[in-house]
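# Coordinates in review
Letter by letter, the chains look like this.
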Amino acid sequence: MRFKAYTPFTSAGIQSAIAYKWNFLGFFFGQIFFTFVMFFLWRAVFRYTPGGLIGGFTFLDMTLYIFAANITGFLTDTDASYVVGEEIVQGTIAMRLIKPVSFNLSILFTELGQKLIIISMVALPVFAGLEWYGFTQSGFVQFSLPTFLLYMISAGLSYLVMFFFDVCFGYLAFVFKNLWGINILKFGILNFLSGGMIPLAFFPPMIQRVMGFLPFASMRYTPVMIYTEKYHGLMILSAMGTQILWVLLLYGLSRLIWKLTEQHLTVQGG
Amino acid sequence: MKQKIGRIFRLYWIFTQQFIKRLLEYRADFITGALAFFLGQFFNLVFIFVIFSNVPQLEGWTLDQIIFIYGFSLIPRGIDHFYADNLWKVAYFLIRRGEFDKYLTRPIDPLYHVLLEGFEVDALGELLTGIVLVVAAANRLVLTFSPLKILGFIVAVIFGTLIYTGIKIIFASVALWTKQSGSLLHLVYMTSDFAKYPVTIYNLLVKTIITYVIPFAFTAYYPAAWLLTGEKPLFSLGGTTAAGIILMVLGRLLWNRGISAYESAGS
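### Digging into the overall build of chain A
A tally of regular secondary structure across chain A gives 12 helices and 0 strands. What you see in chain A, going N to C, is helices and strands ordered as α-α-α-α-α-α-α-α-α-α-α-α. Reported as C-alpha extents along the three principal axes, the dimensions of chain A are approximately 70 × 40 × 35 Å. Taking all 270 residues of chain A together, the buried fraction comes to 50%. Surface summary for chain A: the accessible area is close to 13,100 Å², and the carbon and sulfur share equals 70%. A distance of 2 Å separates the average location of the 15 positive side-chain charges in chain A from that of its 10 negative side-chain charges.

Spelled out as structure tokens, the structure:
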């Protein structure tokens, strides 16, 4: 694969993210309000919990968890299904067939450009704020560079899982024509099952076992657990291994669907 | 005046007929949309249950009471979402794409036209969940509904809805100057998330904002708390009514100024 062919997509992504920064900032602030609601709810709960420990989480752990889960969700969010769905419905997907670059990868590299802007404008300030909050609450600096780097790698893998999952999802537009409704449905389900609201460790054991066979934990939960230092050593290794497995699996699936598309695509002329 | 109102109702009926035709064409889409909003509420409920599996009560409120407040919050929100959803389109893209001009060329007040033009069936997911939760929680709490309480309930729902619509009109009006204000409206609208739970759990800053600045707390917590306890009727219901009226008047005034300042986006 020639990476050089894809760098223009990345710079286009950066430019569009800067041009439309208020769109994603508005969305980000809207999302973080709900995180604050959860923060206050947990604060009230912990105030009435003798011992201050719920499911192995202290209040500080929980605070770090929900904010890290929020920002990770923001970092790993993708519009791939929207882009794919729109091209299918509009018929512009036909033009993609004659271009010498991969459709999936060109979307990926455009989004990577946007992510760079989001990381610098939103994610880093939030993490700085979280570290500062942790320091004021516990009295010592908890930041560790290796942990943070592992988090970033794992969050990157999460994004890839999300991306290839979403690309496959986008091809549903061949069936449904309009993806708006199911996209909101998907967002709600993914947010919940990937640990965006409640740590997956709080789910009943049977559901947790089923979740072990599904890609959702790899989409967000793994990096958040690494960041909050709930995962150690071998656990990190096996969780990130699972992430890589899901990336490969979903990448393969998206390739397969694209190959089938190429052979069967019929677009109505205009 | 009477003639004017009669005309609006007639137009309303004509728009509704057109809308139902569209609804029948894109049936699956509307169903998934409503289902999505229903599921969103469902996950929030699971979250509340998880929280309450650890404590018997939260700042003086029991699980059933919290569910009642949460359910109540969805009713004005759902009604507004149902009939005033087009304001989002004004804020996000109608003006920017130059499509807003059509409202100005029609022999009908542009604001009415925007509101009449479409319904959002997705809102039924919220609205029905809200009603079911309120009824179920009221049953479990053995709430007695005197005629006064029923009247208060209706007043609170009506003016709570106007709080939502008023805020949406105000921030959609901004787009008449700036061409788009979707992100701003989204930002303001999302503060309503705070109103679904007792304001007693928040710190002073959040409490002040959702009571006096963006008074979403009057769409849910205050009137619902009055229905549950009967305390502070004047503040709760009076506040809801006052906030609803003030925001609608402000919205209308700002909209009118915006319409006179409006310059088309062109092409």
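That covers the picture; the talk isn't over yet.
### Some details on the packing of helix 2 (residues 27-52) of chain B against helix 3 (residues 63-83) of chain B
Residue and element names in this part refer to chain B. Where helix 2 meets helix 3, the axes come as close as 11 Å, and the angle between the chain directions of the two elements is 160°. For the element pair helix 2 / helix 3, the angle class is roughly antiparallel. Helix 3 is crossed by helix 2, and the crossing has right-handed handedness. Within the contact between the two elements, helix 2 uses F37, Q41, N44, L45, I48, F49 and F52 and helix 3 uses L63, I66, I67, Y70, L74 and H81. For the contact of helix 2 with helix 3, a count of residues per class yields 10 nonpolar, 3 polar and no charged.

### Points about the layout of surface pockets
All names here are of chain B. The volume enclosed by the second largest pocket comes to roughly 490 Å³. If you go around the second largest pocket, you meet 13 residues; those closest to its centre are I8, Y83, Y112, L115 and L116. Of all the secondary structure elements, the ones that give two or more residues to the lining of the second largest pocket are helix 1 (2-25), helix 6 (110-116), helix 8 (147-178) and helix 12 (233-261). Looking at which element gives the most residues to the lining of the second largest pocket, the answer is helix 6, with 4 residues. In terms of residue class, the lining of the second largest pocket is built from 12 nonpolar, no polar and 1 charged.

### A look at the nonpolar core
Counting residues in hydrophobic clusters, the biggest one holds 164 residues, and the most contacted among them are A:W42 and B:Y202. Per-element accounting of this core gives the leading share, 15 residues, to helix 2 (residues 21-47) of chain A. Apart from residues lying up to four places away in sequence, A:W42 is in contact with A:I54, A:F59, A:M62, A:I66, A:F202, B:F47, B:V50, B:I51 and B:N54.

### Regarding the interface of chain A and chain B
Taken together, the 33 residues of chain A in the interface contact 31 residues of chain B. Buried surface at the junction of chain A and chain B, summed over both partners, amounts to about 3,100 Å²; 75% is from carbon and sulfur atoms. Of all residues in chain A, the largest losses of buried area upon contact with chain B belong to A:F40, A:L41 and A:Y48, amounting jointly to 20% of the total for that side. Between the two partners, chain A and chain B, sit 1 salt bridge. Measuring nitrogen to oxygen at the nearest pair gives 2.8 Å for the salt bridge that ties A:R47 to B:E59.

### With respect to unusual backbone geometry
Residues and elements named next belong to chain B. Positioned with a positive phi, E59 is a non-glycine residue whose angle comes to about 45°. Tracing the chain through its elements places E59 in the loop between strand 1 (57-58) and strand 2 (61-62). Not every positive phi belongs to a glycine, and V142 is a case in point at roughly 50°. Counting through the fold element by element, V142 comes out in the loop between helix 7 (123-141) and helix 8.

### Section: helix 12 of chain B
Every α-helix carries 3.6 residues per turn, so stepping three or four residues along brings you back to the same face. All names here are of chain B. The end-to-end C-alpha distance of helix 12, which contains 29 residues, comes to 41 Å, matching closely the 42 Å that a straight helix rising 1.5 Å per residue would cover. Of all the residues in helix 12, the buried ones are S236, L237, G239, T240, A243, G244, L247, G251, W255 and G258. Turning to helix 12, the residues buried within the fold contact helix 6, helix 8 and helix 11 (221-229).

About the thresholds
- Residues numbered from 1 in each chain as written.
- Chains lettered and ligands numbered in written order.
- Predicted model: local features only at pLDDT ≥ 70, side-chain atom pairs only at ≥ 80, totals over all residues.
- Heavy atoms only, no water.
- Helix = DSSP H or I, 4+ residues; strand = E, 2+ residues; numbered from the N terminus.
- Buried < 20%, exposed > 50% of the residue type's maximum accessible area, 1.4 Å probe, protein only.
- Areas by Shrake-Rupley, 256 points an atom, 1.4 Å probe, with all protein chains shown as cover.
- Lys, Arg positive; Asp, Glu negative; His and termini not counted.
- Charge placed at Lys NZ, Arg CZ, Asp CG, Glu CD.
- Axes fitted to C-alpha atoms, helices over the stretch in contact; angles between N-to-C directions.
- Parallel < 35°, antiparallel > 145°, perpendicular 65-115°, else oblique.
- Left-handed = near helix turned anticlockwise from the far one by under 90°.
- Contact = heavy atoms within 4.5 Å.
- Nonpolar A, V, L, I, M, F, W, Y, C, P; charged D, E, K, R; others polar.
- 1 Å grid on protein atoms, 1.4 Å probe; cavity = no way out; pocket = protein on both sides within 12 Å on 5 of 7 lines; lining within 4 Å.
- Points joined across faces, edges and corners; volume = space filled by probe spheres on them.
- Core = buried A, V, L, I, M, F, W, Y, C linked by side-chain atoms within 4.5 Å.
- Buried area = accessible area lost by both parts, 1.4 Å probe.
- Salt bridge = Lys/Arg side-chain N within 4 Å of Asp/Glu carboxyl O.
- Expected span 1.5 Å × (residues − 1).

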